Amino acid sequence: MKGTTWLKVITLALVIAGLFFLVGCPPAPVVEEPAPEVENKFEFFSWWTAGGEAEGLEALYVIYRAANPGVEIINTTVAGGAGVDAKAVLATRLIGGDPPDSFQLHAGLAIEKYAPEEYLEPLDDLYGAWGLEKVFPPDLLTLLKYQGHYWSVPVNIHRSNVLWYNKQVFADNNLQPPKTFDEFFAVADALKAKGIVPLVMGTKDGWEAGHVFENVLAGTLGADGYRGLWTGKTSWTDPKVAEALENFKKMLTYVNTDHAALTWDGAGEYLIEGKGGMMIMGDWTDGWFTAKGFDGYGWAPPPGTDGIFVALSDTFALPRGAKNRDNAVLWLEVAGSKAGQEAFNPLKGSIPARTDTDRTLFNAYLQSAMDDWTRDAIVPSVMHGAAAFERWATEFKDIVALFVTSGDVAGTQAALQQACVNAGGTCP
Ligand code: GAL
């Protein structure tokens, strides 16, 4: 390029720069910030996914939505009966500072796992405001009070010790529900001879054998003997514990061979189809049968437990730092209300925690449970949080699960005694 051409280019650039200087830079485009969305949510955390469980929960949601139409419900569930998997996820969330707004919690000593004074809000004021002390039975209130406070609102009372049977199968074989272990084995033999699975069981989730065994313990030791195992009045080295293990070992010889592949409800299908005769499981099974449209079932206390009610209760808690605390309080109010409990329990297969509900809304099984609840000896379930701290209940669960395959009575009894010691219990 020649010198004159360079000169022209530089002059042109200067003119353009000057123009920009005079007119100013073009204004930056205005970006409209979206108005911050008002969060109006409510997250509830549970392990209720099976038939009856999900329906009962949905009935509560229906009432909640009608009263609070603007609130979006987030239904968080971690499947696995008795909360085997849910409880660990929940503990991680609480410790990690990411609690759900409310969660399912068993009444009783299970609460210790969640260090309530650190992670939960005491609910004494809400109990007062809603008059809950007047509508829940004293025994339940005692079970709910921990370190002098109420930490959760009970929605129901469940019974652990129920022997369900297929009525048609029993009628076809002229059988009566067994009252004693001897009668149980006689019925089991009769069913086995017909090619019917005598005792239906699923052990896939690891807690179901412990569930059956807590009822065998109650049936072998009686109400006081069983209760004493958790309070230190009965020794785990007692010969009656060995007898309970022998009873259970024999019962296991009548169980479906595919039990390790089935959950409690998966195994229940045998009963519905008439391929199985009996099943020992909590009364959420009543809700499950109802959800499946099956009404051919009968019920009786498992061997030795007539007059004993092995009890547990589902409650809802309020974590500290809940993101939607006000919506959670509204939820607890629904859970504790007469309308809430009348909607939830007939579907869930439990009886209300409240004493003022309408009995006619409940089916024949649940009405019988209501009667038993008022006259039986009430003892706490260990597999469902009432009887012992979570770490003891977990060890009990694992020991019994192992027993299903080992059948080692002496070793298992020693392990149960050690579990008591490990948990810091009183272990004569
Ligand atoms: C129990 C719980 C019941 C039912 C059952 C099976 O622990 O209290 O509500 O859900 O487990 O999952």
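Student: I'd like a description of the site of the ligand, backed by residues and values.
Tutor: What surrounds the ligand is the set Trp-47, Trp-48, Glu-53, Gly-81, Ala-82, His-106, His-158, Trp-284, Leu-312, Asp-314, Lys-348 and His-384. Here Trp-47 contributes a side-chain N or O atom positioned 3.4 Å from an oxygen atom of the ligand. With respect to the ligand, the side chain of Trp-48 contributes an N or O atom lying 3.0 Å from an oxygen atom. Here the ligand has 300 Å² of accessible area as a free molecule, and 100% of this is covered by the chains.

Student: Got a sec to walk through the domain arrangement of the chain? Specific residues and values, please.
Tutor: When the parts come together, some accessible area is lost, and that loss is often what is quoted as the size of the interface. As far as domains go, the chain holds domain 1 (41-158 + 313-377) and domain 2 (163-311 + 384-422). Taking only C-alpha atoms, the centre of domain 1 and the centre of domain 2 are 26 Å apart. Contact with domain 1, which involves 34 residues of that partner, is made by 30 residues of domain 2. Considering only the surface of domain 1 that becomes buried against domain 2, His-158, Tyr-365 and Ala-377 emerge as the three largest contributors, covering 24% of it. Summed over the shared surface of domain 1 and domain 2, the result is 2 salt bridges. Residues Lys-87 and Glu-390 are paired through a salt bridge, measuring 3.6 Å at the closest nitrogen-oxygen approach. Across the domain 1-domain 2 interface, the total number found is 11 residue pairs in polar contact (both at pLDDT 80 or more). Where the side of domain 1 that touches domain 2 is concerned, the elements lending two or more residues are helix 2 (53-67), helix 15 (338-348) and helix 16 (364-375). Ranked by residue count, the leading element in the side of domain 1 that touches domain 2 is helix 16, at 7 residues. The residue inventory of the side of domain 1 that touches domain 2, partitioned by class, reads 16 nonpolar, 10 polar and 8 charged.

Rules used in this analysis
Positions within a chain are numbered from 1, following the residues in the order the chain's sequence is written. Only residues with pLDDT of 70 or above have their local features reported here, since the model is predicted, and side-chain atom pairs are shown and tallied only from 80 upward, although totals for entire chains, interfaces and linings are computed over all residues. Neither water nor hydrogens contribute to the side-chain values; these are computed over all heavy atoms in the structure. Any residue with a heavy atom positioned within 4 Å of a molecule or strand is treated as near that molecule or strand. Here a polar contact is recorded for every N or O atom pair within 3.5 Å, except that within protein the pair must consist of a potential hydrogen donor and a potential acceptor, and residues adjacent in sequence are included only if both atoms are side-chain atoms. The method behind every accessible area is Shrake-Rupley, applied with a 1.4 Å probe, and residues are considered shielded solely by the protein chains displayed. These domain limits were set by an automatic method or by a database of domain assignments. Contact criterion: two residues are considered in contact whenever any of their non-hydrogen atoms come within 4.5 Å of each other. Two parts placed together each lose some accessible area under a 1.4 Å probe, and the buried area is that loss summed for both. When a carboxyl oxygen of Asp or Glu lies within 4 Å of a side-chain nitrogen of Lys or Arg, that pair is called a salt bridge. Helix numbers and strand numbers start at the N terminus; a helix is a DSSP run of H or I with at least 4 residues, a strand a run of E with at least 2. Asp, Glu, Lys and Arg are counted as charged, while Ala, Val, Leu, Ile, Met, Phe, Trp, Tyr, Cys and Pro are counted as nonpolar; the rest, among them Gly, fall into the polar class.

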